[in-house]
Structure formats: structure tokens, C-alpha cells
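Descriptive analysis of the structure
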Amino acid sequence: MQSLFKRGPAPLALLTFYIAVSLAILRVPGIYAGDREGGPAARVRRGAPVLRPEDDVYTNHIHAEDLARACGLALFRGRPQRVYQVCDDSQRRMGEHFELVADACGLPRPPRISRAQAVAELSPVQMSFLSESRRLTNGRMKKELRLQLLYPDVLDALKAGC
């Protein structure tokens, strides 16, 4: 290991390779926080529609504070080249998620539309989120990084204020 710290291009390349292969990979879904623009309550306030239940997709989120803690823990506890899904514990479909946000914040629930209506009304970027939806689990993150979430559910964060 001492040779890694000698001067010259070969030891520097070896050190760079050693650092690069030692990194963990964090897969991060929607990030939210009370002071972050465009959060879940802001989307509900805009009246943005969500898919009707039969067309709905799963959604995954993580509070910014939990994400920051996961990043720090991954530096020290993450296994090399290991992928961690950094998300909260909720397992909800998007429409249900935003209805809960509306209820918690005392706002009207978002309108429900069909997938065909969504294609006509939403932007291609918005539709890509609906087409690429995945149902993530955070078991590896919690077990290997030993992360205890401050906000295991978006409702926990909303209790602190919409």
C-alpha cells in the first residue's frame, strides 16, 4: 500500500483505480424536504392530476436529510460496487401518495385521470416518470448501511409542516 503514495503516473493511476472500485452506488428516487421547491405539497397545490387507481404506478421517495445520512454512511459502510436503493419505507402508488399529502396538508385531493388522458395532458418528461416507475425496497440500505430513517414515510415529514 505504501507504493500507492509514491509520486508518478503509475501509482496515481493505481490509487485512482483503488478509490473508484471501492465506491458504493446509491439509486435515489424523488427527493423531498420542507424547504425544497416543488415538493409533494407544492404539486398538490398546483392541482396536478394523478392516474386513476387502475392505471396508477408505484412511487418512491426519500427525505433530503435521510439521503444525506445515507450518503455519509455509504462512504464508510458501503460495500464496493454495491447498489443501494435509497428510499423510505412507503409502498404506495402515486395517486394514493398525493391524496395522503393533500389530506395531511388540508388541501383538495388531486384530480384522477386515465393513462390516455395523461398522455394528452402531461409533458413527455412527466409521462416518463409514469412509464419507468419501479417498486423499490430499502432492506439492503437499512441492513448494510445500518441507516435508521428519520422519515420512514412522507407523512412523518408532513407532520413537521406542509
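Reference entry: report on the structure contained in this document.

Parameters at a glance
Residues numbered from 1 in each chain as written. Predicted model: local features only at pLDDT ≥ 70, side-chain atom pairs only at ≥ 80, totals over all residues. Heavy atoms only, no water. Salt bridge = Lys/Arg side-chain N within 4 Å of Asp/Glu carboxyl O. Helix = DSSP H or I, 4+ residues; strand = E, 2+ residues; numbered from the N terminus. Buried < 20%, exposed > 50% of the residue type's maximum accessible area, 1.4 Å probe, protein only. Core = buried A, V, L, I, M, F, W, Y, C linked by side-chain atoms within 4.5 Å. Contact = heavy atoms within 4.5 Å. Polar contact = N/O pair within 3.5 Å; in protein donor to acceptor, adjacent residues only side chain to side chain.

Evaluated as defined, the whole model comprises 11 salt bridges. Across the salt bridge formed by E144 and R79, the nearest N and O atoms sit 3.5 Å from each other. Residue E144 is found in helix α7 (residues 139-144), and its partner R79 is found in the loop between α3 (64-77) and β6 (83-85); the two are separated by 65 residues along the sequence. Owing to a relative accessible area of 12%, E144 belongs among the buried residues under this scheme. Linking D153 and R92 is a salt bridge whose minimum nitrogen-to-oxygen distance equals 2.7 Å. Highlighted residues: D153 in the loop between α7 and α8 (154-158) and R92 in strand β7 (residues 92-93), separated in sequence by 61 residues. On the basis of relative accessible area, R92 is assigned to the buried category, the value being 11%. Via salt bridges that share partners, D56, E99, D103, R109 and R112 belong to a single interconnected network.

In terms of nonpolar packing, the biggest core is built from 20 residues, with V101, A118 and L130 touching the most fellow members. Secondary structure elements with two or more residues in this core: α2 (40-46), β3 (50-51), α4 (94-105), α6 (124-131) and α8. Take this core: its biggest share by element is five residues, from α4. Excluding residues within four positions of it along the chain, L130 makes contact with L51, V57, M94, R115, A118 and L122. Counting residues in hydrophobic clusters, the runner-up holds 11 residues, among them L67, V86, M141 and L149.

Turning our eyes to something else, we now look at the environment of R140. Position of R140 among the secondary structure elements: in helix α7. What R140 contacts, discounting residues up to four positions off in sequence, is R82, V83, Y84 and L145. Among the polar contacts made by the side chain of R140, one reaches the main-chain carbonyl oxygen of V83 at a distance of 2.8 Å.

Remember, this is a structural readout, not a statement about activity or role.
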